[in-house]
Every structure is written in structure tokens, then in C-alpha cells.
Amino acid sequence: MAGAHILLVDDDTDLLRLLSLRLTANGYRVTSADSAEAALARLSIELPQLVVSDVRLPGRDGMALFQEIRSQYPALPVILLTAHGTIPDAVEATTLGAYAYLTKPFDAKVLLDRIEHALSLTAPAPAQGGGGERWREEIISRSQSMAELLAEAKLVAASDASVLIRGESGTGKELLARAIHRASRRAKAPFIAVNCGAIPEQLLESELFGHVKGAYTGAVNSREGLVQAADGGTLFLDEIGDMPLLLQVKLLRVLQERVVRQLGSDQGRPVDVRILSATHRDLDAAMLEGQFREDLYYRLNVITLTLPPLSERREDVALLATRFLHALAAKYQKTVSGFAPGALEALTRASWPGNVRQLYNVVEHVCALATAPLVPLTLVQRALRVPSLEVLSYTEAKQRFERNYLVQLLKLTDGSVADAARLAERNRTEFYRLLQKYDLNAAQFRADGVADS
């Protein structure tokens, strides 16, 4: 896969340079590390699509590195190289999940073939999911946790297995479902999304499975359901935990028999549909409470993908906020171009209980009210509904207090300097000096506009 990012790990600088040149010449983007520790540091910065590592490394060896990668990044393929290969070593490596185990000196063409094949397993062919990274273009992220999740999603897309997407409200479960659909062989077929919690129970059955004419009062025409509309493609059932038990039984039958029966009909129609579902509810607890069928749960939960909340991917906040602001500025024809540094910091530190959806709403709020090219901190705080915390120096705070104190005294005494000075326990000369310091005119506080002498 041209342009793929490969991490090379070897303490032999000459071999590292040679391999890097060869892979770069074949169109790959290459980064390198000379130890397991350096490799893990690289992985924490940017996740490659493949790791090629020597087994003999200083400190922690290549097998230990490989096991760490399998633990932290289970979808990341690894090819191991060694000058001291044995059959037991190769068996152990492949048993643990290494993609390939090559003994030095190895044939360059064999290595390139292994790399090409390993990369083909991490992403669908262009004909299936479109070129490049277009399959996930709606998901904006630079965080490591999202990179790992998307790598797994790309692998999952190649199969027809049912996927349960977990995550808090507003984390982007439907976006991930659409990305999986675009990366699958079903990409050219329909993607149908249904929110099971937003449709009344009496209408949800008809929406999902369709109905024949006369099936119920008001059914004046036959209607195809959304399961049938998704035939050949993907059906995304959002908030599946809110589906009534009666409909759970009917959905289970569709999954088992691959046949859908319209409401009011005893005739079934075969359907070829992949089911992706999502929930923010604890389905395990719902099963214990008898609110969700165990057999349906295991049909839907063949593979689980869990979206992290925005509070666990704060490195994405500034990226998302800036992208949203540019899009909304164009939509509303505003001249807003970015956030003031303090405003961006406030966004990054916010708690975001509503996740990405809440962030979008906040950015829309500030974009609509912004009157300058840069969104200020105060406007962001207002949108976040947090009190503005202005940190003043001691001198500034003292001056602000003195001025406000003098104003309050003059208001209280109706502009009488003599009375105000007496309340402040200061002589009149000193009090006049304070008024002059803050450019305050006592006459402005008198009803007749004339100051006393």
C-alpha cells in the first residue's frame, strides 16, 4: 500500500539505513528506532501501519517489544527479523500473533512481499472502501486512543460480523458506524440509520419491518421497512438498548433466519444486511434486569468497539474546535478565523460531559456571537456557562477596589466630599487627592451637579 507508514526497529545502524532507503524507494513512509524503548516512544507519538523489528535489541529485546505492541495495539501487524532464528522461536512468535518471522540474511523481495501483504490486511482494497483515508474522513482526531480504535475498525470492516459500538452520548457512534460501512465491501449499498429511542414503540415495528395494506388502522398502503431498504448494505441501530422486548424478539428472528416479515404478513422475504448497533446504556445490567434479551445481545455483540469520551482525548479538542469554527464561519458568513489562546485553553480544559456534540454546540454559540476575528476567552466561558475568572495583579486589584470604594461613598453621600471623607476616616485634602487619582468628579454624583466646597 503506497504511502503507508512503517516503523523500523534495529540497533544495526547500517541495516536500518539500508532498509529505510529500500522501503522509501518503494513508496513507503519510514520512521526508525534503535531500541524497544525508542520504538515505544515513537508509537506513542504516531501509530504506524506496520512495525518491522529485529529480535536482538539492546535492553528489552524484540520479543518483549512485540508482546508490548500486542498488548497496547492489538490491531498493529508486526514482522520480526533475526540473525539467530530457530524453529521454536518462529513458532512462538507466530503463535503469539506476529505476522511474519524472517531470518537474516533475508531476500529483499520476500520482505517487501510480506510487508505488502501485511498492509493489505490492515486496510480494505480501494475498490471496497475508497482510496486513501476517505473512509474515516468525518472522524477528526490526532489522539492515540482514536488511532487504535480506527485501526481495529478498519480490520472489522472487512468482515460481515455484527458490531456493537459503545460510548457516551455525543462521542460519534454513528460517524464510526458510517466509517465502517464506507470501508466495507458494502460501501456502494445503502447505509440506513435508525434511532431506536426516538421512535414510539407502536411505530418502530412498522419502520423497521414494514407493513402490508390493512395491517393496522391507517395502513392504507403497503410499505417497505428499513431492514429491507438496507438490503445489501448496512443497518445501524442506534440506542439499541431502548428497543422494546417484543421488537427484540423480531429482530433476533431476522438475524437468525435472514428473512424479514412485514407487519400483517405471514410471508418472509430474504435480506442480506449487516447489523451495526450502538448504545450508551449498560446492556449487561439491562440483561440482568430482564430489559434486554441475552440471545440478541450475543448476536449483536460479536465485536465490540468502544469510543473514548472527549475528556480522554483532550488533544483532539483544539483540532475539532478549529475545524468546527471554520465550517460554521463559512456557513454563517462570519469573518471569525480562530480562537484567542486563552479561549482555546479553556476549551481544552473543559469537562465535556456532552462530548463532541457539546463541543460543536459551544463552537456554534461563539461563532454566532463573535464580533472579532479571534474568539475571546469571555465568550467561550459564557458558552460553557462557567463564571469568568479574571486574575488581577495585586496592584490592579487594589486600584479597582479603591475606585469602586470611592464611587460607592460618593453615591451614598450624594456627592458630598465632606461626608464621604468623614465616612472614609480621611481628611478632605487626602480624599480630594484620591478623587483626582481616579479622575472622579464629585459633582457628577450630586443631583444638582454642583460639588460642595
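Up top is the structure these notes are about.
Reading the values: rules and limits
- Residues numbered from 1 in each chain as written.
- Predicted model: local features only at pLDDT ≥ 70, side-chain atom pairs only at ≥ 80, totals over all residues.
- Heavy atoms only, no water.
- Pairing = 2+ DSSP bridges.
- Helix = DSSP H or I, 4+ residues; strand = E, 2+ residues; numbered from the N terminus.
- Axes fitted to C-alpha atoms, helices over the stretch in contact; angles between N-to-C directions.
- Contact = heavy atoms within 4.5 Å.
- Phe/Tyr/Trp six-rings, centres within 6.5 Å; stacked < 30°, edge-to-face > 60°.
- Buried < 20%, exposed > 50% of the residue type's maximum accessible area, 1.4 Å probe, protein only.
- Salt bridge = Lys/Arg side-chain N within 4 Å of Asp/Glu carboxyl O.

### Regarding the sheet that holds strand S2 (residues 29–33)
Working step 1: Pairing in this open sheet of five strands is parallel, and the strands run S2-S1-S3-S4-S5 from one edge to the other. Looking at which strands have only one partner, the edges of the open sheet turn out to be S2 and strand S5 (100–103). Adjacent strand axes in the sheet meet at a mean angle of 20° when their direction is disregarded.
Working step 2: With five bridges joining them, strand S1 (residues 5–9) and S2 adopt parallel strand pairing. If you follow leucine 7 over to S2, its bridge partner there is threonine 31.
Working step 3: The strands that helix H1 (residues 13–25) touches are S1, S2 and strand S4 (78–82); relative to S1, the one it contacts most, it runs at about 165°.
Working step 4: Lying over the sheet, helix H3 (residues 62–72) contacts S1, strand S3 (50–54) and S4, oriented at roughly 175° with respect to S4.

### Let's talk about the packing of aromatic side chains
Working step 1: According to the stated counting rule, one finds four aromatic pairs in the structure shown.
Working step 2: When the centroid spacing of 6.2 Å and the interplanar angle of 20° are considered together, the rings of phenylalanine 191 and phenylalanine 236 count as stacked. Linking phenylalanine 191 in strand S7 (residues 191–195) with phenylalanine 236 in strand S10 (residues 234–238), this pair joins segments that are 45 residues apart in sequence. The burial state of phenylalanine 191 is the same as that of phenylalanine 236; both residues are buried.

### A short note on the sheet that holds strand S6 (residues 163–166)
Working step 1: Reading across the sheet, the five strands line up as S7-S10-S13-S6-S14 and stay open at both edges, with parallel pairing between neighbours. Lying at the two open borders of the sheet, with one neighbouring strand each, are S7 and strand S14 (303–306). For this sheet, the mean inter-axis angle between neighbouring strands, taken without regard to orientation, is 20°.
Working step 2: Relative to strand S13 (residues 274–279), S6 runs parallel, the two being bridged by four bridges. Paired with arginine 166 across the bridge in S13 is threonine 279.

### Some points on the pattern of salt bridges
Working step 1: One pass over the full model with this rule turns up 21 salt bridges.
Working step 2: One salt bridge connects aspartate 284 with arginine 166, and the closest N-O pair in it is separated by 3.9 Å. With aspartate 284 in helix H12 (residues 283–288) and arginine 166 in strand S6, this residue pair connects regions lying 118 residues apart in the sequence.
Working step 3: Its relative accessible area of 37% is what places aspartate 284 among the partly exposed residues.
Working step 4: Exposure remark for arginine 166: the relative accessible area of 17% places this residue in the buried category.
Working step 5: One salt bridge in this structure joins arginine 223 and glutamate 207, with 2.9 Å as the shortest N-O distance. Of the two residues, arginine 223 sits in strand S9 (residues 223–224) while glutamate 207 sits in helix H9 (residues 201–209), which places them 16 residues apart along the sequence.
Working step 6: Because the salt bridges share partners, they merge into one network encompassing Asp160, Arg185, Arg186 and Asp272.

### Regarding the pairing of S10
Working step 1: A large share of S10 lies buried, amounting to five of its five residues.
Working step 2: Along S10, one buried face is formed by Thr234, Phe236 and Asp238 and the opposite face, lined by Leu235 and Leu237, is buried too.
Working step 3: Strand direction decides the pairing type here: S10 and S13, joined by four bridges, are parallel. Residue phenylalanine 236 lies in a different strand from S13, and its bridge partner there is leucine 276.

### Comments concerning the pairing of S1
Working step 1: The buried count for S1 comes to five of five residues, which makes it a mostly enclosed element.
Working step 2: In terms of strand pairing, S1 meets S3 through four bridges, oriented parallel. Paired with leucine 7 across the strands is valine 51, a residue of S3.

Note that all results are geometric; they support no functional claim without further evidence.
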